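This is what each chain is made of:
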Number of protein chains: 4
Amino acid sequence: MEFGFDAKTEDYRKRLLSFMDEHVFAAEPTLATHSGWEPPAVLPELQEKARAAGLWNLFLPGEHGAGLTNLQYAPLAEITGRSPSLAPAALNCAAPDTGNMEVLAEFGSPSQQQEWLTPLLEGKIRSAFAMTEPGVASSDATNIGTRIERDGSDYVINGHKFYISGAMNPNCKIFIVMGKTDPSAARHVQQSMILVPRDTPGLQIKRGMTVFGYTDGDHGGHAEIIFDNVRVPAANLIGEEGSGFAISQARLGPGRIHHCMRLIGMAERALELMCTRALARTPFGKPLAEQGVVQDWIAESRVRIEQTRLLVLKAAWLMDTVGNKGAHTEIQAIKIAAPSTTQWIIDKAIQSYGAAGVGQDTPLPSLWAHARTLRLADGPDEVHKRSLARRELNRYRSDS
Amino acid sequence: MEFGFDAKTEDYRKRLLSFMDEHVFAAEPTLATHSGWEPPAVLPELQEKARAAGLWNLFLPGEHGAGLTNLQYAPLAEITGRSPSLAPAALNCAAPDTGNMEVLAEFGSPSQQQEWLTPLLEGKIRSAFAMTEPGVASSDATNIGTRIERDGSDYVINGHKFYISGAMNPNCKIFIVMGKTDPSAARHVQQSMILVPRDTPGLQIKRGMTVFGYTDGDHGGHAEIIFDNVRVPAANLIGEEGSGFAISQARLGPGRIHHCMRLIGMAERALELMCTRALARTPFGKPLAEQGVVQDWIAESRVRIEQTRLLVLKAAWLMDTVGNKGAHTEIQAIKIAAPSTTQWIIDKAIQSYGAAGVGQDTPLPSLWAHARTLRLADGPDEVHKRSLARRELNRYRSDS
Amino acid sequence: MEFGFDAKTEDYRKRLLSFMDEHVFAAEPTLATHSGWEPPAVLPELQEKARAAGLWNLFLPGEHGAGLTNLQYAPLAEITGRSPSLAPAALNCAAPDTGNMEVLAEFGSPSQQQEWLTPLLEGKIRSAFAMTEPGVASSDATNIGTRIERDGSDYVINGHKFYISGAMNPNCKIFIVMGKTDPSAARHVQQSMILVPRDTPGLQIKRGMTVFGYTDGDHGGHAEIIFDNVRVPAANLIGEEGSGFAISQARLGPGRIHHCMRLIGMAERALELMCTRALARTPFGKPLAEQGVVQDWIAESRVRIEQTRLLVLKAAWLMDTVGNKGAHTEIQAIKIAAPSTTQWIIDKAIQSYGAAGVGQDTPLPSLWAHARTLRLADGPDEVHKRSLARRELNRYRSDS
Amino acid sequence: MEFGFDAKTEDYRKRLLSFMDEHVFAAEPTLATHSGWEPPAVLPELQEKARAAGLWNLFLPGEHGAGLTNLQYAPLAEITGRSPSLAPAALNCAAPDTGNMEVLAEFGSPSQQQEWLTPLLEGKIRSAFAMTEPGVASSDATNIGTRIERDGSDYVINGHKFYISGAMNPNCKIFIVMGKTDPSAARHVQQSMILVPRDTPGLQIKRGMTVFGYTDGDHGGHAEIIFDNVRVPAANLIGEEGSGFAISQARLGPGRIHHCMRLIGMAERALELMCTRALARTPFGKPLAEQGVVQDWIAESRVRIEQTRLLVLKAAWLMDTVGNKGAHTEIQAIKIAAPSTTQWIIDKAIQSYGAAGVGQDTPLPSLWAHARTLRLADGPDEVHKRSLARRELNRYRSDS
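Residues numbered from 1 in each chain as written. Chains lettered and ligands numbered in written order. Predicted model: local features only at pLDDT ≥ 70, side-chain atom pairs only at ≥ 80, totals over all residues.

- As annotated in an unreviewed UniProt entry, chain A carries the name Acyl-CoA dehydrogenase family protein and is attributed to Paractinoplanes globisporus.
- The UniProt entry for chain A carries the following text under Sequence similarities (unreviewed entry): "Belongs to the acyl-CoA dehydrogenase family."
- Looking at the Subunit (unreviewed entry) heading of the UniProt record, one finds this comment for chain A: "Homodimer." (UniProt positions renumbered as here; feature names shortened; annotations may be inferred.)

**A look at the overall build of chain A**
Thought 1: Along its length, chain A carries eleven helices and eight strands.
Thought 2: Here the C-alpha radius of gyration of chain A, 21 Å, is about what a compact globule of 400 residues would show, namely 21 Å.
Thought 3: In terms of its C-alpha atoms, chain A occupies a principal-axis envelope of roughly 75 × 60 × 40 Å.
Thought 4: In chain A, which comprises 400 residues, the share counted as buried stands at 58%.
Thought 5: Residue pairs at least 24 apart in sequence account for 73% of intrachain contacts in chain A once pairs closer than 6 positions are excluded. (Helix = DSSP H or I, 4+ residues; strand = E, 2+ residues; numbered from the N terminus. Rg over C-alpha atoms; globule rule 2.2 N^0.38 Å. Buried ≥ 20, exposed ≤ 12 C-beta atoms within 10 Å, placed from the backbone. Contact = placed C-beta atoms within 7 Å.)

**Considerations on the relation of the copies chain A and chain D**
Thought 1: When chain A is brought onto chain D, the operation consists of a screw motion whose angular component is 180 degrees and whose axial shift is 0.0 Å, with 0.0 Å RMSD remaining. On the angle and the small slide along the axis, the relation comes out as a two-fold axis.
Thought 2: When the interface residues of chain A are mapped onto chain D, 100% of them are again interface residues, pointing to one common binding face. (Least-squares fit on C-alpha atoms with pLDDT ≥ 70 in both.)

**Concerning the interface of chain C and chain A**
Thought 1: Residue-level contacts link four residues of chain C with four residues of chain A.
Thought 2: Considering only residue class, the side of chain C that touches chain A consists of one nonpolar, two polar and one charged. (Nonpolar A, V, L, I, M, F, W, Y, C, P; charged D, E, K, R; others polar.)

**A closer look at the packing of helix 7 (residues 244–280) of chain D against helix 8 (residues 292–326) of chain D**
If you want to describe how two helices pack, look at the angle between their axes and the distance between the axes.
All names here are of chain D.
Thought 1: Where helix 7 meets helix 8, the closest approach of the two axes is 10 Å, and the angle between their N-to-C directions is 160 degrees. Considering their axes alone, helix 7 and helix 8 lie roughly antiparallel with respect to each other. For the pair helix 7 and helix 8, the sense of crossing is left-handed.
Thought 2: The residue inventory of the contact of helix 7 with helix 8, partitioned by class, reads 18 nonpolar, four polar and three charged. (Axes fitted to C-alpha atoms, helices over the stretch in contact; angles between N-to-C directions. Parallel < 35°, antiparallel > 145°, perpendicular 65-115°, else oblique. Left-handed = near helix turned anticlockwise from the far one by under 90°.)

**Description of the relation of the copies chain C and chain A**
Thought 1: At an RMSD of 0.0 Å, chain C and chain A line up after a rotation of 180 degrees and a shift of 0.0 Å along the axis.
Thought 2: The residues that chain C uses at the interface reappear at the interface of chain A in 100% of cases, marking a shared surface.

**Focus: the nonpolar core**
Thought 1: Counting residues in each nonpolar core, the largest one holds 507 residues, and the members touching the most others are Val312 of chain A, Val312 of chain B, Val312 of chain C together with Val312 of chain D.
Thought 2: If we skip the residues at most four places from it in the chain, Val312 of chain A touches Ala74, Ile257, Cys260, Met261, Ile264, Ile334 and Ala338 of chain A. (Core = buried A, V, L, I, M, F, W, Y, C linked by C-beta atoms within 7 Å.)

**Points about the environment of Ala278 of chain D**
Thought 1: With respect to the element layout, Ala278 of chain D can be found in helix 7.
Thought 2: Sequence separation between Ala278 of chain D and Gln291 of chain D is 13 residues, and the spatial gap between their C-alpha atoms is 8.7 Å.
Thought 3: Discounting chain neighbours no more than four positions away, the residues touching Ala278 of chain D are Leu393 of chain A together with Pro287, Leu288, Ala289, Val294 and Ser352 of chain D.

**Side note on the domain arrangement of chain A**
Interfaces are often described in size by the accessible area the parts lose on coming together.
Residue and element names in this part refer to chain A.
Thought 1: For chain A, the assigned domains read domain 1 (7–120), domain 2 (126–241) and domain 3 (245–397).
Thought 2: Just the C-alpha atoms count here: the centres of domain 2 and domain 3 sit 29 Å apart.
Thought 3: In this assembly, twelve residues from domain 2 lie in contact with nine residues from domain 3.
Thought 4: Here the side of domain 2 that touches domain 3 is composed, by residue class, of eight nonpolar, four polar and no charged. (Domains from an automatic or database assignment.)

**Concerning the UniProt feature "domain: Acyl-CoA dehydrogenase/oxidase N-terminal" (unreviewed entry) in chain A**
Thought 1: Feature annotation in UniProt assigns "domain: Acyl-CoA dehydrogenase/oxidase N-terminal" (unreviewed entry) to the following positions: residues 10–124 of chain A.
Thought 2: In this annotation, residues 10–124 of chain A is assigned 57% helix and 0% strand; the end-to-end C-alpha distance for the span is 29 Å.

**Brief notes about the interface of chain A and chain D**
Thought 1: Taken together, the contacts link 39 residues of chain A with 39 residues of chain D.
Thought 2: For the side of chain A that touches chain D, the elements supplying multiple residues, two or more each, are helix 7 (244–280), helix 8 (292–326), helix 9 (328–352) and helix 11 (381–397) of chain A.
Thought 3: Among the elements that take part in the side of chain A that touches chain D, helix 8 of chain A stands out by supplying 16 residues, more than any other.
Thought 4: Here the side of chain A that touches chain D is built from residues that sort into 22 nonpolar, six polar and eleven charged.

**Digging into the pairing of strand 4 (residues 172–180) of chain B**
Every regular strand shows the same layout, with side chains that alternate between the two sheet faces.
Residue and element names in this part refer to chain B.
Thought 1: Where burial is concerned, most of strand 4 is hidden: eight out of the nine residues are buried.
Thought 2: Bridge count between strand 1 (residues 126–130) and strand 4: five bridges; the pairing is parallel. From the neighbouring strand, Phe129 faces strand 4, where its bridge partner is Ile176.
Thought 3: Across seven bridges, the pairing between strand 4 and strand 5 (residues 191–197) is antiparallel. Across the sheet, the residue bridging to Ile174 is Pro197, located in strand 5. (Pairing = 2+ DSSP bridges.)

**Let's talk about helix 7 of chain D**
All names here are of chain D.
Thought 1: Taking 1.5 Å per residue as the helical rise, helix 7 with its 37 residues ought to reach 54 Å, and the 52 Å between its terminal C-alpha atoms agrees with that figure.
Thought 2: The principal kink in helix 7, of about 30 degrees, is found at Leu252, preceding the proline Pro254 by one to four residues.
Thought 3: Across the 37 residues that make up helix 7, a large majority, 28, are buried. (Expected span 1.5 Å × (residues − 1). Bend = angle between axes of the 7 residues up to and from the residue.)

**A look at unusual backbone geometry**
Thought 1: The linkage connecting Ala95 of chain A with the following residue, Pro96 of chain A, adopts the cis geometry, with an omega of 0 degrees.
Thought 2: As for its placement among the helices and strands, Pro96 of chain A is situated in the loop between helix 4 (87–90) and helix 5 (97–107).
Thought 3: Residue Asn229 of chain D is not a glycine yet carries a positive backbone phi of 50 degrees.
Thought 4: Note on placement: Asn229 of chain D falls in strand 7 (residues 222–233).

**Observations regarding the environment of Ser248 of chain B**
Thought 1: With respect to the secondary-structure elements, Ser248 of chain B resides in helix 7 (residues 244–280).
Thought 2: Residue Ser248 of chain B is classed as buried on the basis of its C-beta count, with 21 C-beta atoms lying within 10 Å.

**Describing the UniProt feature "domain: Acyl-CoA dehydrogenase/oxidase C-terminal" (unreviewed entry) in chain A**
Thought 1: Feature annotation in UniProt assigns "domain: Acyl-CoA dehydrogenase/oxidase C-terminal" (unreviewed entry) to the following positions: residues 242–391 of chain A.
Thought 2: This span, residues 242–391 of chain A, is 79% helix and 0% strand, and a straight line between its end C-alpha atoms measures 26 Å.

**Describing helix 8 (residues 292–326) of chain C**
Residues and elements named next belong to chain C.
Thought 1: Across its 35 residues, helix 8 extends only 43 Å between first and last C-alpha, which sits more than 12% below the 51 Å expected from 1.5 Å per residue.
Thought 2: Of all the bends found along helix 8, the most pronounced is centred on Asp320 and spans about 95 degrees.
Thought 3: Helix 8 sits mainly inside the fold: 28 of its 35 residues count as buried.

**Here we look at the packing of helix 9 (residues 328–353) of chain B against helix 11 (residues 381–397) of chain B**
Residues and elements named next belong to chain B.
Thought 1: Contact geometry of helix 9 with helix 11 gives a least axis separation of 9 Å together with a crossing angle of 145 degrees. Handedness of the helix 9/helix 11 crossing: left-handed. Taken together, the residues of helix 11 that come into contact with helix 9 (itself represented by Thr329, Gln332, Ala333, Lys335 and Ile336) are Asp381, His384, Lys385, Ser387, Leu388 and Arg391.
Thought 2: Of the residues belonging to the contact of helix 9 with helix 11, the class tally is three nonpolar, four polar and four charged.

Encoded structure:
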C-alpha cells in the first residue's frame, strides 16, 4: 500500500497546475458575458495552448489518447474540476465527448472511427449521448421507449429524449442514441446504440432545458430532442444489435471516475473560496475565520474531501487492476459519496458569502447546481444505494 | 390553548383557496415564457380579480389594509406561498412592498403617505428596500457604508447597494434607502431611512443579480445600484435622523412571519408534487410511492411542516399579544427553522423527479433557489443562532 | 387559535414546579447509590407529599383521576420529565401503570377494577404490560406468538415476553398480558388481553434486560418472562375475546402524549445542563458559552424544543376535541419527532461535558439511553413513518 | 499509488482472522456473566494461544515488538476491533498499555524498562495513563492541575484524576501520571510524566466511573483517583522535567491510528450484525433486507466504512513515511471522522434489532457506548476541528 502519486502523474500534475494558473483561471471572467449556445470564445485559444503543452486527450487510454491509467488520469481530472466550465473542454477531456470517444475507440467500426472519432480526438467537433427520456425512469434501462427499427439497409429511430447535455451547441455534430432494437428480447439485450448525425432529417432539437435556472450554454446546454422517423444507414449501429446495455455499462466506469474526481476539484475550489472569504470578512468585529461554526465547516470540508478523494482513487486503481466488474462496489460508492459531499461543501461556501454567494460573481452557485445534478445523472443516488446494499447483503445470503 | 382557526380566518382561507384554484394555478404556465424585467402579463388581471374578491392588502393591519392580526394573516400568507411568483403580487401582498407599506403607514409623514403609500396600496406602483451592500457584512448594521448627508434643504446620498429585490422592474418607482446620517453616533442611531424616487439623478441601476441561474425577472429581479450624489429633499427622510435601525427592526417582525408562512406554503406545494410524482412513477416494477426511502421523505416532510407551521403561528400570536419584543426568540427561531426545513423538503421533491426535477417543467428548482436565499436574507442563519443562544444563556447568567 | 395555557393548567404548573424544586431535585442525589430492583427509598415520602399537594393521578381523566384533559395534563407531564426517575412515580403518573390504569378504568370489569385498579390508583402496587416478544417483530401485532387458550373456566397462557418494563420490581403485582386467543381470526381480532397476578404458577421472571449498560433498577427494570402453562380464571380476561388489539390502540394515544411531553422535559433538562456547563468552563481561555459551535447547539436545541412541544400539544388538543382517530397523524408525528429531537439535544449536552458527560455524575447519559429506547418502543420510527407516509399519499390517491 | 496490502500484512491478516474465528468469537459469550473488575476468565488462555500463534505485541515497532510499521499494523488493529473486549487484550495490544509501552520503550530509562516494560510486554501486568482531570478541560494541557514537586530525592504528587481507563483492574500495577513540575514555565514545558506504582501510599482509587451505565469491568473500568502526597523516587520521572507534553504528543499518533482502526472493525461488526438481522426478520410480510430504508443504512454504512478506512490507512502511511508532524492533518482528520462514522453505523444496526438492540444479547450497545466515548477521549471533536481549520486557513494566510 502506497499513497504517493507516481512520477508520471506528478509530472502531469505539475504541468497541468501551471496551465490552470497561467491560462484557465485568467480566462474565467470572460465567461460572465457569455450567452447563447456557442462555446466560450476563449476556448479555441485554450485548446491550442493545452495541445502545445502536451495536455490533450489525457482521459483516453491506449493508442488514441495519452495512454494514462485511470489512477494516473484521476488526479488530473480533479485539477480540471476546479474550473469545470473551461478546463475539461480546453484539454479535450469534457463529458460527454470523453465517454463517446471511449465507445468509438473500443466498439466503433473503422469507418465510424474515421468519420467521428478522428475529429472528436482533434477537438474539431463535439458530440452528445442521447439516453435519458422524459416519460420514464431512465435509471431502469428496460424502461427506454425509443425504438431503433431495421428497415432495409437503414435503421429508423423514433423517440423522445431530454437532458441531452451538450446538444444545444451547434458544433455538436454527432449523437450516440440509445434505443431498443428488440423490446421482446431478454432484459439486457433489448437495447442498441446508433450514430445519428445532427443534420439528419427528423431529428428535432426542441428546446434547451435549464438546471436551477442555468442554461449551461457554455457547456452546450441540455437539449430536449424528438426523433421522428430519423433514418440512418445500418452501418451506423455501434457493435451488434442488443449490445447497447453492455456498451453503456462499459462507458459508465471511467465516466464516474472522471465525474467524481472533477467533483473533488470543485470541492477544493469551494473550500478555497470559503477560506479566502473567511479571512476577508469581519462582521461584528471578529473575522469569519475565527467563528467556530465557520471553522467547523472548513474542518469538515477538509476531512470529507480527503476521504472521498481516496475512495475515488481506490476505485480507479481497482478498475486498472481488476476491471470494471471487480470495482463495481467502489464505483457505485463514489457515485453515492462524491456528489453529496461536494454539494455539502459548496453549500457552506455559499453561506459564508452571504447574498453574494448565490449570484454571478463567484462560481459557487453554478458549481452547486452542477454537483446537485450529479446526484441524479446516471440514476439517482437511491438506485445505486439499493444496488450496493443488495450486494452487501448477498455476502451473508451466500453463507447461509 | 386552542389550535383551530377563528371564523374570520376560516372564511378568508376558503375564499383564498378558491381564488388559487380558479385563477392562480391556471395562470402559472404563462410564466414559462416570461422574460425580461416586466411583471407577468397575467398579473393585472389577477389583481383585478383579487380585489373584487376582497383579497387585497390582507397583510396590512389598521385602517389602510384588511385589518387582520398577524395570526389571522399568517395562514393566508401560507396559501399564497404555494404559488409565490403570482399569488402574493396578485393580492398586493408581495415583498418588499408589504414591509415598505408598513413603514410608510407607521412612520411616514402625511405627504409621504399621499405620494407613495396610496399608489402602493392601490397596486399602481412597486417599491424596493435598499439595505444590503456588497462590500460589508450587512447582517451587522453598523457596517453600512452608504452615507446620507444633509446639505441645505436636501439630503445627498452616496453608496453602493446590491441584491435590491424588485428594483429591476421598471414599475418600481420608489426606493427606501438605508444609510448613515451620523457615523459617529451611538451604534444603533447612526442610520436613517430615506425615500428616493427611481428617476432621481445619480441613481444608477447597474445590473440584475442572479440567484443560482435565475434572474427572478417576474419578481422584478435583484438590482445592483450605485447612488452617486443622489439628492432628494430633506422631507424625504422617514421619521427622524437616527431612527433607521429602529424602523428596520419594526419592519422585520411581520416580514419574517410572512416569509416563513409563504415558505410553509412552498413546502406544502413541494410535498404535493412529491406525492403525485411518487404515485405516477414505477421504476424497477414498483411505484416510487412504495419505496421505503421515498416514504421516509414524505413522512419526514409532513412532520417537519407541521412543527414549523405551529412555531410560525405561535410567533404571530405572540406578536399580536405581547409585541415584537416579547416575540423576539420565536421570531428568530422561525427565521432559523423555516428556510432550512423548506429547503430540505424541496430537495427531496426534486430528487423524486429525477432529471426533470432540476429543470423548468416544475416550480421545484425555482422554489428551492428562493428557499435557499432565505437562509441568507436578513442575515445568515448563523447570526440569528448566535443571538438566540446568547439570550438562552442569559437566563442562567442572571440566575448567578 | 390561542397559545396560552388555561388557568387550571397554570395553577397545576405552578404547584408542580414548586414540588419539583422543593422535593424532587433535592432527592435526585440519593439515586446514585441505588441498586437492585426495589424502588428508590425516597419514593414513598415523595408520594406522600405529592398526594398532600394535590398532585396525584393527574394523568387520569374522569372520576378516578384528576379529571384533566390531555391538553391540560401534557404540560405537567413535561415538568415531570425533567426528573424522570423520580417525578412520574412520585405523582403516581409513571408508565406503564398509567396505561394500565386507563385500560382498567375503561375496559375493566367492576371486580377487576376493585382488585387491581384501586390499589394502583392508591400507589400501593405497581403493574406491567407484557406485549413485546423476543422472537418476532412486535411492531406487527399479527406476529404475536403468545397463546391465551380457554380451558374450562380458565385461560392458559403460554409465551415468551421480553423488555417488560417495571416487572423486576417485586412490588409489581399484576401483569396485563397480550396474546392470541384465536390465531385463525381476522388480523386485528386474534388478540386478547388478560390479567395475570405476579405469583401465578408458571410465570417465570427469567432475568432483567439492560438498556445500554443500565438495569433501570430504580424504574423496576425490564424483564424477560416465560409464561409456561400459566392458568388464570376466565374472569381475568379484559373485555371480550378478540378485543386486545383495539384496547392496545386505545391505550397508545395518551401514552404517546405522556412519553413525548416527558421527552420535552428531558430535553429542557439537558439544555439547562448544557447552558450551565457552557458558562462554567473555560478551555483555551474562552468560555464554552462563547464558542460558536456550542452556541449553535444551544440555539438549535431551543428551536427544536419549541417546535416539538407545540406539535405534542396540538396532538393532545386533537385527542381532546376529535378523538384518537382524528389525531392519528399527529400522534404518529410526535412519536417520530420527539425521541429523535430529544436524543439530539442530550447528545450535544453530553458533548459539552467532555468525559464527565458519559458517566454517573449527571443524569445525561441515562436520559440519553431512555430517549434512544423510545425510538424503538411501541414500534421503531420507521414503521410509523411508513404508515404516516401512506396516509399522506392516500390524499392524492383518493383524488384520482 | 497502490491499494493492496503487502505480503507480510496479508500473512498476518490471514492468521489473525483464523484466530478470531477459532478462539475469540467463541469466547465472547463468556463475557455475559462477567462482573467485577477482574479481566475475563478466558483471557489468559487466549493470550497463551495468541502468543503461540505469533500474534503478540503486534502494535510495537522496533526490537521490543513485532516490528511492524503503522501501515502494517493498522489492518490488524481493525480486525481486533471486531471483538474489542477480548481481542486487543488477547494479543497484548490493548489500550492504554500499548501507548504506555511505547512511551517506556522510547523514553524510559533502562531500569524503568526493566521494571515495567518487560512485564507489560509479557502481559503479566497492566498499566494506566492518568491524564484526564475532573475540574478542568483536559483537552487544554495547560489546564492540568496535578502537581509533581521535587522534594529531595523524591517527587511528591498531588492531584485528582478521573476516567483513568483500566485502573480498576487489580492487575493494573503501574500508572503513568501527567502533572506539572513547573507551572511557571512556558506553556508546553510545564508538564512531566512520572511512574507511580499502584501500591504507593496516598494513591487512592476512589470509584469506578460508568460509561452509559457500563462499568467496563472487563476492560478494567475507569477510575477516579486521588493523589494525596504520593511520594516516588526521582528516578521515576520519564525523560526530563518539562518533557510531558512532548511525550504525550508522541504517544498520541499511533494511539489514534489504533483507536480508529479498531473503530473500523467495530463498524464492520455492526454492519455484519445489521445484515444478518435484516435477512432474518420479516415484519409486515417483507424481510427487513427488502426495506428501502434498511438498504439505505447498509449502503451508507459500506460507503462510509470504505472512506474512513482509507483515510486511516493513509494517516498510518504518512506517519511511517513523513512522521507524526507531517501526518498531523490526517491524524486529526481520523480522530474527527472515525468515531462519528462508527457511532452512526452502530446506531442503525441497533435500530434494526428493535428492543433487542439496546440490551445485553448483542455487543451493539456496548460498542456504541465505546464509539461515543471516543468522540470525547483525547479531546472532543470540536477541539480537533478548530485546530484543523486553523491549519487549513493558514495556507491562505501565508499567501497574503
